[in-house]
Amino acid sequence: MGDIGESMDFDLVIKNATIVTATEVLQPGLSIGIKDGIIVAIALFLPTGRATGIIDAEGAYVTPGGVDSHVHLHQDNAPTGDKWLTGSRSALAGGNTTILAFASQRRTDESLFPVVEEYHNRADGQSYVDYGFHLILTKPTEKILQNELKAMVDQEGITSVKLYMTYPAMKLGDGHMLEIMMQARELGVTTMIHAENSDMIDMITTRLLRASRTLPKYHAIARPQIAESEATHRAISLSTLTSTPILIVHMSSPVALSHARKAQSKALLPVHAETCPHYMYLLSSALAATSIPASLTTHSHSDSHDDDQHVHDEWAGARHVCAPPLRHSEADLQSVWDAVNNGTITVISSDHAPTLYNSPGGKRKPLVDAAASKTVPTFAQIPNGLPGIETRLPILFSTATYPNAPAGRKLSLPRFVELTSTNPARMYGLGGRKGSIAPGFDADLVIWYPAGHKDIEAGLTITNDILHHSIDYTPFEGFRVNNWPRYTILRGEVKWDRDVEVRDGHGKGVLGQPSDGKYLKRGKGEVLVGRLGQTPPGMKGGERDDWIVYTHE
């Protein structure tokens, strides 16, 4: 980096920046030059012309736009959840410039092409930020495995699949998972796995319901940590047999994380791990809540007031139902933090899977259905998932910049960038384009507020009414953060301006349009941990070659 001559004509220059990458915090006072949506220069000084836009970062940190690689938008199993318009708007206001959502195959879908076309139709012209798809596979037919997966990579630029080991409508047996992994291995497709033992969960759930233990708090009891740890170990074994890189999503328990760490560090296996902020900060005690904010309810389903702000509601814990569930103890949270800090965790996403609470089709649906059928509502009927697409970056950035963070729960700024932008971009085939601040990358940037700025000097309290999703609650209600994205820049244009939001009112800071987001055709993802080609214990070298046979037409 150095001074750039007068010949460069920039569209935008960001000056007085403190740039953060996945490896370092660069010297303060640098300028970033942007042309045609691309970062073209970083220097101590950059010349500007009459047509050059200038943003003074005032010494604040500038980080890459967030890459949230695990979000659920406009999915059929969440009819009251965010669609692309509101979900991507919320992502933008929270500092994200790229999101990866899911195109979900149903058991009845014989081909992936209509599935992807349908999700293109849902997203087209409805996203404020750049986006791509993962494929959820539930019926891996021979035609899909031998022909269509390759076409998805070559034609659609979809280079990741998600496999479920639980949920009746989605779960796959080990045999199907192995066949998918074999094809993913050949094609260079990233394989994501939701690891929970379905039979354990079903058995416990049946017994809980038989004993009339039906309230939301029993959701966490029905999905114990051993269900996650057993399935995680099994997924790693399947990956080891086939030499397929995998990412185990939304990890939450100590033993499961220890399996991933052992695979990475001792066996040098390409096993990646993901977690989410709710597994770092929230406990299962939230599922036992018995009151909700008055704004979330009506007198039709409340009969006593705890105080002026809250009303009694024994179903309130449904707002925190997700899978895997929130865990029970501070020690469980600490195990996730330990995995973040020792390198086991590769990426932190939001797993934004929102559903309205106060809606007959949302988290209260079991109550509505039970009233109609004169049965008892149960936790097993509550839609899974939490909103979090807008709060992910502010919460984690605050941890990275809060000097008095508890010991063991600290996060460096480079590690923040690595986990929330750089690693997900590299893992999912967007390396060299997204997730970093360097010449040649898309000018996707977040400019935070400088220390001591009047709008964040005292910190901010997260409340649902400051967020931009379409959901009526946030699990992080009342959380204090010390910063928020001041500007979100997508490909060189300011699309979120919180100064405008503060001045003019809610929603006014969203300067972008729902047609701004571009669909991203992705390349093959990178393996960030371990190495390929390892031979499982007890197998001879080259033994796998005898049964690796591909029959692509």
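What you see is a predicted model; the values in this text were computed from it and never measured. (Residues numbered from 1 in each chain as written. Predicted model: local features only at pLDDT ≥ 70, side-chain atom pairs only at ≥ 80, totals over all residues. Heavy atoms only, no water.)

### Remarks on unusual backbone geometry
And then number 1: A cis amide bond links alanine 323 to the next residue, proline 324, at an omega of -5°.
And then number 2: You can see proline 324 is positioned in the loop between β14 (310-312) and α10 (330-341).
And then number 3: Even without a glycine there, the phi angle at glutamate 58 is positive, about 60°.
And then number 4: Note on glutamate 58: relative accessible area 42%, which makes it partly exposed.
And then number 5: Even without being a glycine, histidine 250 presents a positive backbone phi close to 30°.
And then number 6: Within the secondary structure layout, histidine 250 lies in the loop between β11 (246-248) and α8 (254-265). (Helix = DSSP H or I, 4+ residues; strand = E, 2+ residues; numbered from the N terminus. Buried < 20%, exposed > 50% of the residue type's maximum accessible area, 1.4 Å probe, protein only.)

### Brief notes about helix α12 (residues 392-401)
Since one α-helical turn is 3.6 residues long, residues separated by three or four positions face the same way.
And then number 1: Most of α12 is tucked away: nine of the ten residues are buried.
And then number 2: Those residues of α12 that fall on the buried side of the exposure criterion are Arg392, Leu393, Pro394, Ile395, Leu396, Phe397, Ser398, Thr399 and Ala400.

### Regarding the domain arrangement of the protein chain
And then number 1: One can read the domain layout of the protein chain as domain 1 (12-62 + 437-458 + 482-504) and domain 2 (66-293 + 309-428).
And then number 2: Across the contact, 21 residues belong to domain 1 and 24 residues belong to domain 2.
And then number 3: Each partner contributes to the roughly 1,700 Å² buried at the junction of domain 1 and domain 2, and carbon and sulfur atoms together form 69% of this total.
And then number 4: Ranking the residues of domain 1 by area buried against domain 2 places Ala22, Trp448 and Asn482 at the top, with a combined share of 30%.
And then number 5: Summed over the shared surface of domain 1 and domain 2, the number is one salt bridge.
And then number 6: Across the domain 1-domain 2 interface, the total number found is five residue pairs in polar contact (both at pLDDT 80 or more).
And then number 7: Listed by contribution, the elements that provide at least two residues to the side of domain 1 that touches domain 2 are β16 (445-448), β19 (485-490) and β20 (493-497).
And then number 8: The greatest single-element share of the side of domain 1 that touches domain 2, amounting to four residues, is contributed by β19.
And then number 9: Class assignment for the residues of the side of domain 1 that touches domain 2 results in eleven nonpolar, five polar and five charged. (Domains from an automatic or database assignment. Contact = heavy atoms within 4.5 Å. Buried area = accessible area lost by both parts, 1.4 Å probe. Salt bridge = Lys/Arg side-chain N within 4 Å of Asp/Glu carboxyl O. Polar contact = N/O pair within 3.5 Å; in protein donor to acceptor, adjacent residues only side chain to side chain. Nonpolar A, V, L, I, M, F, W, Y, C, P; charged D, E, K, R; others polar.)

### A look at the side chain of histidine 352
And then number 1: The topology assignment puts histidine 352 in the loop between β15 (347-348) and α11 (365-373).
And then number 2: The buried category is assigned to histidine 352, whose relative accessible area is 0%.
And then number 3: Not counting residues within four places of it along the chain, the set of residues in contact with histidine 352 comprises His70, Val71, His72, Leu73, Asp82, Leu386, Pro387, Gly388, Ile389 and His469.

### Points about the nonpolar core
And then number 1: Grouped together as the largest cluster of nonpolar side chains are 106 residues, with contacts concentrated most on Ile99, Leu135 and Phe416.
And then number 2: Summarising the domain contributions, this core has at least three residues from each of domain 1 (12-62 + 437-458 + 482-504) and domain 2 (66-293 + 309-428).
And then number 3: The residues touching leucine 135, leaving out its near neighbours within four places in the chain, are Ala103, Leu112, Val116, Leu149, Met152, Ile158, Ser160, Val161 and Lys162.
And then number 4: Ile14, Ile32, Tyr487 and Ile489 belong to the second largest nonpolar core, which has 19 residues in total. (Core = buried A, V, L, I, M, F, W, Y, C linked by side-chain atoms within 4.5 Å.)

### Focus on the packing of helix α7 (residues 225-242) against α8
And then number 1: Put simply, α7 and α8 touch, their axes get as near as 7 Å, and they point 20° apart. Considering the angle they form, α7 stands roughly parallel to α8. Helix-helix and strand crossings are classified by hand; for α7 and α8 the assignment is right-handed. Contacts between α7 and α8 involve Gln225, Glu228, Ser229, Thr232, His233 and Ile236 on the former and, on the latter, Pro254, Val255, Ala256, His259, Ala260 and Ala263.
And then number 2: Here the residues of the contact of α7 with α8 are counted per class, giving six nonpolar, five polar and one charged. (Axes fitted to C-alpha atoms, helices over the stretch in contact; angles between N-to-C directions. Parallel < 35°, antiparallel > 145°, perpendicular 65-115°, else oblique. Left-handed = near helix turned anticlockwise from the far one by under 90°.)

### Notes on the packing of aromatic side chains
And then number 1: Summed over the entire model, instances satisfying the criterion amount to 13 aromatic pairs.
And then number 2: Ring centres 5.6 Å apart and planes at 50° place the aromatic pair tyrosine 164 and tyrosine 167 in the tilted group.
And then number 3: Since its relative accessible area comes to 4%, tyrosine 164 is described here as buried.
And then number 4: Here the aromatic rings of tyrosine 281 and tryptophan 337 are separated by 5.6 Å at their centres, their planes lie at 85°, and the arrangement is edge-to-face. Of the two residues, tyrosine 281 is situated in helix α9 (residues 278-281) and tryptophan 337 in helix α10; the sequence distance between them amounts to 56 residues.
And then number 5: Relative accessible area serves as the criterion here: at 1%, tryptophan 337 is assigned to the buried category.
And then number 6: Among the aromatic residues, those joined into a cluster by ring pairs are Tyr61, Phe397, Phe416 and Trp448.
And then number 7: Over the ring of tyrosine 119 we find arginine 122; its NZ or CZ atom is 4.6 Å from the centre of that ring.
And then number 8: When the ring centre of phenylalanine 102 is taken as reference, the NZ or CZ atom of lysine 162 above it lies at 4.8 Å. (Phe/Tyr/Trp six-rings, centres within 6.5 Å; stacked < 30°, edge-to-face > 60°. Lys NZ or Arg CZ within 6 Å of the ring centre and 35° of its normal.)

### Things to note about the pattern of salt bridges
And then number 1: By the definition in use, this model includes 30 salt bridges.
And then number 2: Residue lysine 139 pairs with glutamate 110 through a salt bridge whose shortest N-O separation is 2.3 Å. Taken together, the residues lysine 139 in the loop between β8 (130-136) and α3 (142-156) and glutamate 110 in the loop between β7 (96-104) and α2 (112-123) connect sequence positions 29 residues apart.
And then number 3: The salt bridge partner of lysine 454 is aspartate 455, with a shortest N-O separation of 3.4 Å.
And then number 4: Each of Asp130, Arg433, Lys434, Asp442, Asp444 and Arg491 takes part in a single network of salt bridges with overlapping partners.

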